[in-house]
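Coordinate inspection notes
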Amino acid sequence: MAERYDLIVENGMFLLPWGEAEARIGVRGGRVVTLDARGEAERTIDAGGLHVLPGLIDPHVHFRDSGVAELPDVETLETGTRGAVLGGITAIFDMPNTRTPATDAASIAAKRESVAGRAWCDVGLYVGATKQNAEQLGGLEAEPGVCAIKVFAGSSTGNLLVEDDASIERVMRSGRRRIAFHSEDEFRLQERRKLFSLGQPYSKHAEWRDPECAALGTRRIMALARKTGRPAHILHVSTAEELDYLRDFRDVASVEVLVNHLTQVAPDAYDRLGAYAVMNPPIREARHAEAAWRAIADGLVDTIGSDHAPHPRSAKEKPWPETAAGLTGVQTLVPVMLDQVHRGRLSLARLVDLMAAGPARIYGAVGKGRIAAGYDADFTIVDLKQRRVIEQAWLASPCGWSPFVGERVAGWPVMTVVRGLVAMREDEILGAPSGRPLTFRN
């Protein structure tokens, strides 16, 4: 008797762990059963002329939704994940700096329990480190749905800050999983803040939070990682100096870069976008972007994220340095990176490594990151030949802006499949929110 499946995906070019190949994917119960389906299915996706990637992951978003009854700042889990699946993302990892921060078991549970019926894709949650909860972090990182501890060693949006070496070491000695760091040096930031005044050009943001702020923060964290033996994932690495330094710490370090630091450079970004180029760490000069591309080519970079951080226009358009730091990006991440494939900056296989296999490996996401038997049936199906302009009307975020609006890209996500369910097809959201909290290896 022929096998029966819930879903068969056929006729496309599949990005399998060992490279591009033809396949006929059989799915049952939300998981891949076989890469060589011989039977029939209730539903079939004909991917002829398209590339089928493992479900792509954005491991760095700020949806600002704490999961409790409070007015959202701008975004909600529903609108944020709606944007994610419209952009071809099948899972996101959400940061803890919400109005009610995710820093204890109760706040983590509130966020986790809010996923059902609201999230369009699967969700991982960071727990925020504080000086007060340092000794509890070993237990908190084992809570269901938690992808990692997040440490803000340099101040950014929100009130989570662990800036001194003694406190960071306390955090690193509590638990054993990889810790994600915002690694700017807070002491240098505060000292340099005195050099600037209200109303100066937005480009001053990159002078204030200069390369040494980031490099010094990363050097301090690497010293503590070696001292404690605790692995550290350095988020949004933005300088050539950091990337060169981190090559000697692969035993304890992994590396994230952001799409912004790869594709936008100073001073052009500040000239074109003004406040809508302000983020932490800042967009920097071309030499840093070129260093990031070399690090991708060398295999130093493990993950790429968007650092999606929506703010209302009223907050973004305040005079510097009062403007809100942070840029949107979860919905535009895949189109912009596919365009980089088209430009020859990286291969499609390397994109998959950075945006699917990499996040799954670094964070220990169970069942994610590859198309293989037993893994979740998450697929990002893309048309590499499609040319589009990123339009504001396409964006799901209520903030209504993106630094990438107006850009022409080659390559576009045409279907997002989450555990065998089609969440997006040709820019249309389908069905109901079916996202779940992810499971991580402890």
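Whatever comes next refers back to the structure up there.
The rules we used
- Residues numbered from 1 in each chain as written.
- Predicted model: local features only at pLDDT ≥ 70, side-chain atom pairs only at ≥ 80, totals over all residues.
- Heavy atoms only, no water.
- Salt bridge = Lys/Arg side-chain N within 4 Å of Asp/Glu carboxyl O.
- Helix = DSSP H or I, 4+ residues; strand = E, 2+ residues; numbered from the N terminus.
- Phe/Tyr/Trp six-rings, centres within 6.5 Å; stacked < 30°, edge-to-face > 60°.
- Buried < 20%, exposed > 50% of the residue type's maximum accessible area, 1.4 Å probe, protein only.
- Lys NZ or Arg CZ within 6 Å of the ring centre and 35° of its normal.
- Disulfide = S-S within 2.5 Å.

1. Examining the pattern of salt bridges
Evaluation of the coordinates by the stated rule reveals 37 salt bridges. Close ionic contact of Glu-135 with Arg-170 constitutes a salt bridge, the shortest N to O distance being 2.8 Å. Of this pair, Glu-135 sits in the loop between strand S10 (122-128) and helix H3 (137-140) while Arg-170 is found in helix H4 (residues 165-172), placing the two residues 35 residues apart along the sequence. Residues joined in a network through salt bridges with shared partners are Arg-31, Asp-122, Lys-368, Asp-376, Asp-378 and Arg-419.

2. Some details on the packing of aromatic side chains
A full pass over the atoms with the stated rule returns eight aromatic pairs. Between Phe-196 and Trp-320, the aromatic rings sit 5.7 Å apart at their centres with planes inclined by 85°, giving edge-to-face as the arrangement. With Phe-196 in the loop between helix H5 (186-193) and helix H6 (204-208) and Trp-320 in the loop between helix H12 (313-316) and helix H13 (333-342), this pair connects stretches of sequence that are 124 residues apart. Trp-320 shares its class with Phe-196; the two are buried. Each member of the aromatic cluster is reached from another via a ring pair, and the members are Phe-93, Tyr-126, Tyr-363 and Phe-440. Lying over the aromatic face of Phe-152, Lys-150 brings its terminal NZ or CZ to 3.8 Å of the ring centre. One cation-aromatic arrangement involves Arg-209 over Trp-208; the distance from NZ or CZ to the ring centre is 4.9 Å.

3. Quick word on the state of the cysteines
All told, the structure shown has zero disulfides when counted by the stated rule. We note that Cys-121 lacks a disulfide partner, and the nearest cysteine sulfur, in Cys-147, lies 13 Å from it. Cys-121 supplies the cysteine sulfur nearest to Cys-399, a cysteine that is in no disulfide, at a spacing of 17 Å. Cys-399 gets classed as buried once you look at its relative accessible area, which sits at 8%.

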